[in-house]
Every structure is written in C-alpha cells, then in structure tokens.
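This is what each chain is made of:
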Amino acid sequence: MKKILIVGGVAGGATAAARLRRLSEEDEIILFERDEYISFANCGLPYYIGDVIKDRNALFVQTAEAMSKRFNLDIRVFNEVIGINPKAKEVAVRRVKTGEVYVESFDALILSPGAKPIAPAIPGIKEANNVYTLRNIPDTDKIKAAVEGRPARAVVVGGGFIGVEMAENLRDLGIDVTLVEKLPQILKPLDFEMAQMLHREMKAHGVHLILGDGVDHFENKGRKIVLESGVALESDLTILAIGVAPENALAKDAGFRCGPRGHIVTTDTYEVIDDITGQPVSDIYAIGDAIEVTDFVDGTKTAIPLAGPANRQGRTVADRIHGIPFKNAGVQGTSVAKVFDKTFAATGNNAVQLKAKGLPFVEIHAHRGNHAGYYPNSSVISMKLLYDPETLKILGAQAVGKEGTEKRIDVIATVMRLGGTVFDLQELELSYAPPYSAAKDPVNILGYIAQNIQSGEYKTVQWHEIDAIIAAGGTLLDVRRPDEYAGGHVPGSVNIELDTLRDNPAGLPADKAAPLYVTCQVGLRGYLAAQILKTLGYKDIYNLVGGYNTYAAGHYTV
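Below: a short report on this structure.

What counts, and where the lines are drawn
Residues numbered from 1 in each chain as written. Predicted model: local features only at pLDDT ≥ 70, side-chain atom pairs only at ≥ 80, totals over all residues. Heavy atoms only, no water. Buried < 20%, exposed > 50% of the residue type's maximum accessible area, 1.4 Å probe, protein only. Helix = DSSP H or I, 4+ residues; strand = E, 2+ residues; numbered from the N terminus. Pairing = 2+ DSSP bridges. Axes fitted to C-alpha atoms, helices over the stretch in contact; angles between N-to-C directions. Parallel < 35°, antiparallel > 145°, perpendicular 65-115°, else oblique. Contact = heavy atoms within 4.5 Å. Nonpolar A, V, L, I, M, F, W, Y, C, P; charged D, E, K, R; others polar. Phe/Tyr/Trp six-rings, centres within 6.5 Å; stacked < 30°, edge-to-face > 60°. Lys NZ or Arg CZ within 6 Å of the ring centre and 35° of its normal. Arc of directions from axis to C-beta. Salt bridge = Lys/Arg side-chain N within 4 Å of Asp/Glu carboxyl O. Polar contact = N/O pair within 3.5 Å; in protein donor to acceptor, adjacent residues only side chain to side chain. Core = buried A, V, L, I, M, F, W, Y, C linked by side-chain atoms within 4.5 Å.

Things to note about the pairing of strand β26 (residues 362–369)
Looking along a regular strand, one sees the side chains alternate between the two faces of the sheet.
Here is step 1 of the chain: Burial runs high along β26: 6 of the 8 residues are buried.
Here is step 2 of the chain: Sheet topology places β26 next to strand β27 (residues 380–387); 8 bridges connect them, and they run antiparallel. Bridge pairing links G369 to V380 in β27.

This is the structure in structure tokens:
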C-alpha cells in the first residue's frame, strides 16, 4: 500500500487521483485543494458568463463530496500545501479557514498547482474596482455579478483563448466590446494571415479590435483606460486576459528546478529535478500548466497550458507510480476555439515558431468546402500546412472555417503523432457523404498540393512576398474570370482568364526564361495555368500559395 499526496485538482490532479484509485483499492490517496473546487470545467467559464451555459452547477465535473465517495479519496478542500521536505518525504499543510499548520508524510507526491493569470502592476490598477481576471469559479462569480449589473461598455485586454472567448460572450450579451492586444494579431497559435480571417469575423460581429497596442495606465478607478498609443477607452467592465504564469512558489521553495519562464522542469517521466544536483527527485512528480513540456515537433522545451495534455499527464503519472511503462513523445499543442460563427483549430508549430527555431519548412494553403458544394450550406475551410522539405514530416497545421474545421486538424494531428508525412495525407481514406465532406477531402487536397510542389510541378510564392516581386518588375498572371478580378485582385497583376490562356499568348511576357507568377482564387486554377504555360515554353513558374483568398486575408485592414 502506498500513501500518495496530490497538490491541486482540476484537470491534472483530479485525473491522477481517479486513475490511482482504479489501479489500486489499497492506496491511501489524499488530494489537497486550497479553495473549495477540485474539478471544474475551466474552459466553460466564459460560456457561463455569456449565459450560453445556464446552470452554474454544470461547470462542476466533480464535487469534493461526490468524488470522495465514488473513488474513496481523502479530499481536503481549503487545505493549502505550503512546504515540501523532499528528504523526509513530508509536506506542511495550512488549513485555510483556521490557519492551523500540520504535517503529512508521503510515499509519492504529485504537484498539480496549475497557473495563475498575469496581472502586471499597471499604474492605476490597484485603485480600479472594475478590472477582473478569469481563472477559477470565484473569478467567474465576480464577473457574472458584474455582467448582471448591465455594463454598457467592456474592454478585454489580451487576444488569447480566454480574451477572445470573453469578447465573444460579452458581445453576445449586447455589450459594446473592445479587445486590445499588444501583438499585431489575436491567437498566437495561428500565423498572421490565418488570424486575419478571425479579425474579420470579430469585426463583422461588432467587436472593436485594437491591435499592436497595450495598456499604459488606468484612471478614474478603472473607468478610463489609456493605451500606450495615447488612445483613451471608457470601460464599465475590464477583463485582463494577457496570459498565465505557472504556480511555482511551492516547487521553488523546495529547491526544484524551474525553467527560464518559471515552469517546473521534469524528466520524461514527470519527476521533478533538484536544482543543485540536477538529478531527479524520487517519488515527486509535477504535471499540468505549471510544468515545462517537450515540443513534439523538435524536442525543445516549451510550455503549453491546455487541458488535454494535463489530463494525460495525470493518468501517466498514476501509471508511473504503479510501474506501468509509457512513452512521453511530447506535446503537439492541438487546440480549437469558437470565434462567433467561425472555428479555428491548430496543431504543432506555426511559421513564426519554425523561423525562430531556424527550422526549414514549406508552407501551403488550401481553401476547400467543408462538404460537397452541391449540398446546401457548404462553407469554406481555409487550411495551412507546414512540413519539412527533406523528411516530409508534418510540422504543423492551422484551419479556420465552420463545421468540420476541427475534424481536419484532428486528422492531421493524428498523422503527425504517428510519424506520417505529407504524402500520407493523400492516401487517407476519410468518411465521405455529401453532407459531411467531398470525395477528395480537404486533408487529401493538402497532400496533393504537397506532392505537386515536391515533384516540381511548380514553385511557390507566398502572399507576403508577391507585392515586392511585382514592384521589382515581376509579372503576376491572374487567371480568374474578369468579374472575379474586378471584385478584388493583387495590385499590378495581369488578368488573362484560364480558359483563354492557350489562345492568348500575345498577352504573356516575351521572355520565357524569366520567372512568371500565377494566381487564381485559391490555387487550383493557378496550378492548371502552370501546366499550360509549360507547354507554351515558360520554364520558371511560381504559383501564389492559397491564391487571392490568402493574399486578401493577409492584407485585411482592421
């Protein structure tokens, strides 16, 4: 029989406790939680505030009482672990309500302290009485009460998951919402041109976006927000959603190693590391948002505060304690979020991350229907894929669309996890019926595009490169219909419709050895044009990746 202590519940700790009990009925399992709630739907909090989730009780995955009874656990709410003695294998615990401190011994200890919202010392924030962060149930109750006071104007600071979800839910309540983001885009998992599609969606639903600007100070008890640019905003309710920091105080005080951003460093089996010796500390583990993880793409260290990885880590550590082997291949960071009528999903690294790491990659775009075009209500899924030009391994993918968007990213994430290449995407036999997909699924299409590029059918040029090429004298041939061209085109491009291309060589450049760039709406007709141009003697042909759709998204003005 083992005595196992768990510090913190929610995704990692509660999962570990349940798995431990399933593995052994004899173990003594004690879970400490410093507040009242041990397992709640963290990701559902914005939707309860927005009245999408009506019943507050629906947020509770498990109560302490119910979980204690079902799994025979000793769950101690309002008990905060304040110190760890690794050598003696003891923790010091403070009863929150009385201040009494006691000591508890352990055979194994699991740290699942989570993360806390970043709340920097912005001038005027201490005097503000309408500024909130969102991380737990008490935070939710405060914001819910503020919302029920019918604020006319709200400001959300931060364009990550919580910030975007809060902006959407507050706007759906009829509140005038402004979202302020220091970066030039929202949602960092996406590359800029993909995020632009969501900028457009948020603007279409009445959210005021201020990008590339930050908060300088608060005035009038938070009612006035002055930005770094000098712009002043009036706010009845402000949500700070500028990120989270790991809850690492307990680990640092115990002498466990933390990374450059404060996350607890662990081994591949999630054992903590002694900061002085650099050696694993036996029988003490850390999981969840507080720890560093291995990036699945390249094996570097990173931090990915998502519920899915935390749940898996909780199960994994329980297995480890009971001698069940496992393989820690790293975390892909697969994610999804709703943004009004759009869905975005992503997995792996984006182009910004790959460039920062100095890794070579090819990026391709596809814009395809989520189901057969002849079946009613088909909508476009815009997809981006990044892969290694040598190994052809998939490095990351992103998608923005409506129904079926997350399904496509889940498929690609699975191929990545199993070590597949872009060519494997062609061979996937995915379910098809007109209401759900096309005979050639959008995922298959990405594989076909990659094959065309790798086999030398054409070269590619990106949306952010073509303007400079045209300015330097390059020729971009737009092969769409004249009415499509009139509806919007790359400045300086030449329009010759695809179906007249063979009969209209006089409109083409005379120098057939010079680079020639082609585009259409999404890239397919550009590919067909490249084949025709080859027969006309042109040698150096580039297709604009993703066509005008991607170019227009990248150049959208907020």
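Section: the packing of helix α6 (residues 192–204) against helix α16 (residues 547–554)
Here is step 1 of the chain: Two numbers describe how α6 lies on α16: the axes approach to 7 Å, and their chain directions differ by 75 degrees. Accordingly, the angle class assigned to the pair α6 and α16 is roughly perpendicular. From α6, F192, E193, Q196, M197 and R200 reach across to α16, where they touch T550, A553 and G554.
Here is step 2 of the chain: Grouping the constituent residues of the contact of α6 with α16 by class yields 3 nonpolar, 3 polar and 2 charged.

Details of the packing of helix α10 (residues 405–417) against helix α12 (residues 442–454)
Here is step 1 of the chain: One way to put it is that α10 packs onto α12 with a least axis distance of 9 Å and a crossing angle of 55 degrees. Viewed along their axes, α10 and α12 adopt a mutual orientation that is oblique. Across from R408, V411 and I412 in α10, the residues of α12 making contact are P442, V443 and L446.

Some details on the sheet that holds strand β1 (residues 3–7)
Here is step 1 of the chain: Read across the open sheet, the 6 strands follow the order β5-β2-β1-β9-β21-β20; overall the sheet is mixed. Each edge of the open sheet is held by one strand with a lone partner, namely β5 (74–77) and β20 (271–273). Averaged over all pairs of adjacent strands, the angle between their axes in this sheet comes to 30 degrees, without regard to strand direction.

Observations regarding the packing of aromatic side chains
Here is step 1 of the chain: What the rule picks out here adds up to 7 aromatic pairs.
Here is step 2 of the chain: Measuring from ring centre to ring centre gives 6.2 Å for F192 and W463, while their planes differ by 25 degrees; the resulting arrangement is stacked. Taken as a pair, F192 in helix α6 and W463 in the loop between β29 (459–461) and α13 (466–471) lie far apart in primary sequence, 271 residues in all.
Here is step 3 of the chain: A relative accessible area of 27% means that F192 is categorised as partly exposed.
Here is step 4 of the chain: Overall, W463 belongs to the buried group, its relative accessible area being 11%.
Here is step 5 of the chain: The ring of Y48 has K144 sitting right over it, with the charged end atom 4.6 Å from the ring centre.
Here is step 6 of the chain: The ring of Y548 has R480 lying over it, and the distance from NZ or CZ to the ring centre is 4.7 Å.

Structural notes on the sheet that holds strand β25 (residues 342–348)
Here is step 1 of the chain: Read from one edge to the other, the open sheet built from 5 strands follows the order β24-β25-β28-β27-β26, with strand pairing classed as antiparallel. Whereas interior strands pair on both sides, the edge strands pair on one side only; in this sheet they are β24 (335–339) and β26. The average undirected angle you get between the axes of adjacent strands in this sheet is 15 degrees.
Here is step 2 of the chain: Two elements, β27 and strand β28 (residues 394–401), share 6 bridges in a ladder whose sense is antiparallel. Bridge pairing in β28 links S382 to V400.

Considering the pairing of strand β21 (residues 280–286)
Here is step 1 of the chain: As defined by bridge partners, strand β9 (residues 108–111) adjoins β21 across 3 bridges and the pair is classed as parallel. Paired with L111 across the bridge in β21 is A286.
Here is step 2 of the chain: Joining the antiparallel neighbours β20 and β21 is a turn of 6 residues, in which G278 adopts a positive phi near 75 degrees.

Quick word on helix α3 (residues 64–71)
Here is step 1 of the chain: When we look at burial in α3, the residues that qualify are A64, M67, S68 and F71. All buried residues of α3 project into a common sector of 100 degrees when viewed along the axis, lining one side. For α3, the exposed residues set more than 90 degrees away from the buried face come down to E65, K69 and R70.
Here is step 2 of the chain: Once α3 ends, the next one or two residues include N72, with phi positive near 55 degrees.

Here we look at the pattern of salt bridges
Here is step 1 of the chain: Here the structure, examined in full by the defined rule, presents 31 salt bridges.
Here is step 2 of the chain: Between D319 and R19 there is a salt bridge, with its nearest N and O atoms 2.7 Å apart. On the criterion of sequence distance, the pair formed by D319 in helix α8 (residues 307–321) and R19 in helix α1 (residues 10–23) is long-range, its members being 300 residues apart.
Here is step 3 of the chain: On the basis of relative accessibility, which here comes to 12%, the residue R19 falls in the buried class.

Comments concerning the side chain of E271
Here is step 1 of the chain: Positionally, E271 belongs in strand β20.
Here is step 2 of the chain: A polar atom in the side chain of E271 sits 3.5 Å from the side chain of R320.
Here is step 3 of the chain: Excluding residues within four positions of it along the chain, E271 makes contact with V265, T266, P280, V281, S282, D283, I284, Y285 and R320.

Things to note about the nonpolar core
Here is step 1 of the chain: If you look at the biggest cluster of nonpolar residues, it comprises 49 residues, and the most contacted ones within it are M67, I84, L109, I110 and F256.
Here is step 2 of the chain: It is α1 that contributes the most residues to this core, 5 residues altogether.
Here is step 3 of the chain: In contact with F256, not counting residues within four places along its chain, are I84, P86, L111, A251, V272, I273, D275, V281 and I284.
Here is step 4 of the chain: Within the second largest apolar cluster, 48 residues are counted, among which are I381, A399, I453 and L477.

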